[in-house]
Amino acid sequence: MALDVARLKAEFPLLEREINGNPIVYLDSASTSQKPFAVLDAMDHAYRHHYANVHRGVYEIAELATAEFEKARRKVATFIGASDWRELVFVRNATEAINLVAYTWARANLGAGDAIVLTHMEHHANVVPWQMLANERGVELRWIPMTPEFTLDLSDLDTLLDGAKLLCVSAMSNVLGTINPVRELVAAAHAHGALALIDACQYIPHIATNVAEWDADFVAFSAHKLCGPSGIGALWARLELLEAMPPFLGGGEMIRDVRLDYFTTNDVPWKFEAGTPAIVEAIGFGAAIDYLESIGMAEIRDHEIKLTEYALDALDNEFGDRLKIYGPADIAIRGGAISFLFDGIHAHDVTQVLDQDGVCVRAGHHCAKPLMRQLGVPATSRASFYMYNDEHDVDCLVKALIRAEQFFAL
Amino acid sequence: MAGLEDLYREIILDHYRSPRNRGELVVPPAHKTEGFNPLCGDEVSVYLDIDEATQTVRDIKISGQGCSISQASTSMMSDAVKGQSVAEARRLIRAFKALMSIHESKLEGEGDGADLAADLDGVRLGDLEALQGVVKFPVRIKCATLAWNTLQQGLDEINT
Ligand SMILES: Cc1ncc(COP(=O)(O)O)c(C=O)c1O
């Protein structure tokens, strides 16, 4: 069933505001999504009615806060198909989730002579932690290249994975929109005795996800891209991995016992959650999951497929070869992030003109500088969609782009 | 509300469309310095040929990619310092940065910019003043200052 976008839009208070006298057209959900009343109200309610620290007090509101916090964990775990809620570690964001794996599992298991396989389309969050490890330990980094069709070139995958200990790959590129064949990649990694870490930051908000079907080992994502608050994200990992991994940050909550000369760690997942967690953000994360489920992930994906197709057609009809799109043409293997560039006009300039019309798109390297180098451009503009965007938003984008092209005409 | 005309003055678009002093110089004798804007990925290379005896900028060439603001600012910078003494080039750098930061320092409550005005005093910025509109678009200030910071780094490297 088609989404009632007008109704959905009305559930996001920010989408009612104006920019420069124009109604806002928010097309930057790949960067971060807007928040519905359901999430704002759940967080507001938590602060007003049962805010206390978790896992500590025995008084009523402390118990309520703890129950809500842990309920949120179970919701998130179930949402991604985890079989056990203990496999879901709350972290600040996807970046921290990946760093957690780099600092604990990888530093306990990798050394000089070991190899990690990455791809040319990774976000810096899935590049720099591994470069830091490589610099420190002499671990080798290998790269899966890209085809001219903006997909991963898997022709040398077996050679790249030969002797590797870890494969790190994004399920969906934040620049190109490309959806990568996660199941096939995980299977290939496992066949070579490597583990697989999936950066699912762009995927989970838009497509129903099942980590068990992926058969992945680590999955990282952020709440703020799926209508949840900033400041919280999750690392999912297989239980036996989490149990064997050394702790990450040290402090309260992550310990079982502390003496002057030693400490023992708490059970999974709290072993990785030192200090007072983002309590209300976790509750907001849970509310965001409820919100997505109330709409339906299949419906969201269907809507975004249609809208992305509409946008790709509209851009092609209006601008043809003058506007280059960096991403797959095949809608089946792409999400709703569209990177583009006018011939001869810098992304920053285009985006500035769009802002005058209230159209919010991102310009820049999208935290993927290695990819931008492969594409041979310093920056692109990127429009990205979510359930609250409709064809009118795309029409506004096209209109604003016409203005931008005229303004900078040579 | 700051409009597009504040940002994109005609003279800026002119420098953007026909940038001055584009190209490269042979290194050595020329000196090459690269500048990056980590925010947007823009890159600029400044080639400097300094006459040791007279301490003047004998020649300057620019290569790299960037938005209209960074390209225009780079082009204007190259025009402004070519043939000038190194001391004058440094004065221009200070003045241009003051022009770009008066707004910022006001935002941060660091006084009224009077100290910065001293840097501007008596310096003829000419075309460069067209870039003043950039301060109304704070994220674009880094685009405008990229070339100048790179020039400064180049002069510092040559001196040491
Ligand atoms: C593919 C991908 N990975 C990782 C991240 C990092 O997410 P966060 O900044 O929430 O840690 C992003 C966010 O832009 C992303 O798009």
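The model shown is predicted, which means the values in this text are computed figures rather than measured ones.

Parameters at a glance
- Residues numbered from 1 in each chain as written.
- Chains lettered and ligands numbered in written order.
- Predicted model: local features only at pLDDT ≥ 70, side-chain atom pairs only at ≥ 80, totals over all residues.
- Heavy atoms only, no water.
- Helix = DSSP H or I, 4+ residues; strand = E, 2+ residues; numbered from the N terminus.
- Buried < 20%, exposed > 50% of the residue type's maximum accessible area, 1.4 Å probe, protein only.
- Contact = heavy atoms within 4.5 Å.
- Areas by Shrake-Rupley, 256 points an atom, 1.4 Å probe, with all protein chains shown as cover.
- Buried area = accessible area lost by both parts, 1.4 Å probe.
- Salt bridge = Lys/Arg side-chain N within 4 Å of Asp/Glu carboxyl O.
- Polar contact = N/O pair within 3.5 Å; in protein donor to acceptor, adjacent residues only side chain to side chain.
- Pairing = 2+ DSSP bridges.
- Near = heavy atom within 4 Å.
- Core = buried A, V, L, I, M, F, W, Y, C linked by side-chain atoms within 4.5 Å.
- Domains from an automatic or database assignment.

K.L.:
Can you break down the overall build of chain B residue by residue, with the values?
P.N.:
A tally of regular secondary structure across chain B gives six helices and three strands. Its helices and strands in sequence order give chain B the pattern α-α-β-β-β-α-α-α-α, from N to C terminus. Put simply, chain B has 160 residues, and 51% of those count as buried. Of the contacts made within chain B by residues no fewer than 6 positions apart, 68% connect residues no fewer than 24 positions apart. Carbon and sulfur atoms make up 49% of the accessible area of chain B, which totals about 7400 Å².

K.L.:
Kindly report on the interface of chain B and chain A, identifying the contributing residues and their values.
P.N.:
Taken together, the 23 residues of chain B in the interface contact 21 residues of chain A. Buried surface at the junction of chain B and chain A, summed over both partners, amounts to about 1800 Å²; 55% is from carbon and sulfur atoms. At the junction of chain B with chain A, the criterion picks out two salt bridges. A salt bridge links Arg-140 of chain B to Asp-349 of chain A; the shortest N-O distance between them is 2.9 Å. Here chain B is connected to chain A by eight residue pairs in polar contact (both at pLDDT 80 or more). Ranked by the residues each element gives to the side of chain B that touches chain A, the list is headed by helix α2 (residues 10-17) of chain B, at three residues.

K.L.:
Before we move on, could you go through the pairing of strand β2 (residues 42-51) of chain B and cite the residues and values that matter?
P.N.:
Residue and element names in this part refer to chain B. Counting buried positions along β2 yields nine of 10 residues, so the element is predominantly enclosed. One ladder, built from seven bridges, connects strand β1 (residues 31-37) with β2; its direction is antiparallel. Bridge pairing in β2 links His-31 to Leu-48. Hairpin geometry of β1 and β2 is characterised by an intervening segment of four residues between the two adjacent antiparallel strands and by a positive phi of about 85 degrees at Gly-41. Pairing between β2 and strand β3 (residues 56-65): nine bridges, direction antiparallel. Paired with Leu-48 across the two strands is Ile-60, which belongs to β3. Linking two consecutive strands that pair antiparallel, namely β2 and β3, is a turn of four residues; a positive phi of about 55 degrees is found at Gln-55 within it.

K.L.:
Summarise the site of the ligand; cite the residues concerned and give the values.
P.N.:
All names here are of chain A. In the vicinity of the ligand, the contacting residues are Asn-93, Ala-94, Thr-95, His-123, Ala-125, Asn-174, Asp-199, Cys-201, Gln-202, Ser-222, His-224 and Lys-225. Take Ala-94: an N or O atom from its main chain is 3.4 Å from an oxygen atom of the ligand. Lys-225 has a polar side-chain atom sitting 2.6 Å from an oxygen atom of the ligand. Look at the ligand: alone it shows 400 Å² of surface, and the protein chains cover 88% of it.

K.L.:
Would you mind going over the nonpolar core in detail, with residue names and values included?
P.N.:
If you look at the biggest cluster of nonpolar residues, it comprises 92 residues, and the most contacted ones within it are Ile-198, Trp-214, Val-219, Phe-285 and Met-387 of chain A. Structurally, this core is a two-domain feature, drawing no fewer than three residues from each of domain 1 (5-30 + 297-409) and domain 2 (40-294) of chain A. Phe-319 of chain A together with Leu-99, Ile-141 and Ala-147 of chain B belong to the second-largest nonpolar core, a separate cluster that totals 72 residues.

K.L.:
Pulling in residues and values, what's your account of the pattern of salt bridges?
P.N.:
Between side chains of opposite charge, pairing is possible as soon as their charged atoms come close. Residues and elements named next belong to chain A. Under the defined criterion, the tally for this structure stands at 33 salt bridges over all chains. Between Arg-56 and Glu-253 there is a salt bridge, with its nearest N and O atoms 3.3 Å apart. Residue Arg-56 is found in the loop between α2 (37-49) and α3 (60-79), and its partner Glu-253 is found in the loop between α9 (239-244) and β11 (255-258); the two are separated by 197 residues along the sequence. Among the residues examined, Arg-56 registers a relative accessible area of 40% and is labelled partly exposed.

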